[in-house]
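# Summary of structural features
So the chains spell out like this:
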Amino acid sequence: MKRLLTIACFAALAIVANAQKFALIDMEYILKNIPAYERANEQLNQVSKKWQAEVEALNTEASTMYKNFQNEVVFLSQEQKKARQEAIMNKEKEASELKRKYFGPEGELFKKRQSLMSPIQDEIYNAVKEISELRGYSLVEDRSSSGIIYASPKIDISNEVLEKLGYSN
């Protein structure tokens, strides 16, 4: 029995000795401290507002056309009614297509975000990878996107990542 207990203790020690090393980063904190990220975000916001204004202008135009149609419907012939209704529907369709073009899943905003953010994200990934390989981390978790309630500040390497990227705090 003592022998079995001794073997179990050595097995437990071996498991603890082979424990994986891990670290945390706070991606939000890192991104807030990278000026290029802030500039890219501002550029995306400006483009988004511009495109949203274009879509809203078309929707307003369609709405105005519809209101005018409602006010004049009693004075229009069947052909004129049909033509106006088609024009209104075409304007609404145009607004919808423009919105999809700009803001859809594969739209212009998505492509613009990818082109602006990918280089920054790649830089961060490479810095984290280098630090992980240097320090022997098997896992680096992002505390800002996970369900971590508490983590020791000792394992947070966010400032080290920023230093590696050339941004010191």
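Residues numbered from 1 in each chain as written. Predicted model: local features only at pLDDT ≥ 70, side-chain atom pairs only at ≥ 80, totals over all residues. Heavy atoms only, no water.

### Things to note about the overall build of the protein
Helix and strand counts for the protein stand at six helices and two strands. Listed by position from the N terminus, the elements making up the protein come as α-β-α-α-α-α-β-α. With 169 residues in all, the protein has 24% of them scored as buried. A fraction of 77% describes how many contacts in the protein between residues 6 or more apart in sequence connect residues 24 or more apart. Surface exposure of the protein reaches about 12,300 Å², of which carbon and sulfur atoms provide 54%. (Helix = DSSP H or I, 4+ residues; strand = E, 2+ residues; numbered from the N terminus. Buried < 20%, exposed > 50% of the residue type's maximum accessible area, 1.4 Å probe, protein only. Contact = heavy atoms within 4.5 Å. Areas by Shrake-Rupley, 256 points an atom, 1.4 Å probe, with all protein chains shown as cover.)

### Side note on the side chain of Lys91
Position of Lys91 relative to the elements: it lies in helix 4 (residues 78–103). In terms of polar contacts, Lys91 uses its side chain to reach the side chain of Glu61, at 3.1 Å. Those residues in contact with Lys91, other than ones at most four positions away along the chain, are Leu58, Glu61, Ala62 and Met65. (Polar contact = N/O pair within 3.5 Å; in protein donor to acceptor, adjacent residues only side chain to side chain.)

### Describing the confidence of the model for the protein
Per-residue confidence for the protein averages 86 on the pLDDT scale, and 87% of its residues sit at or above 70. In the model, residues 8–17 has pLDDT below 50 throughout and makes zero contacts with residues more than four positions away in sequence or in other chains. (pLDDT = per-residue confidence, 0-100.)

### A look at helix 4
The end-to-end C-alpha distance of helix 4 is 37 Å, a good match for the 38 Å that 26 residues give at a rise of 1.5 Å each. For helix 4, the set of buried residues is Ile88, Lys91, Ala95, Leu98 and Tyr102. At its buried positions, helix 4 is contacted by helix 3 (35–72) and helix 5 (108–135). (Expected span 1.5 Å × (residues − 1).)

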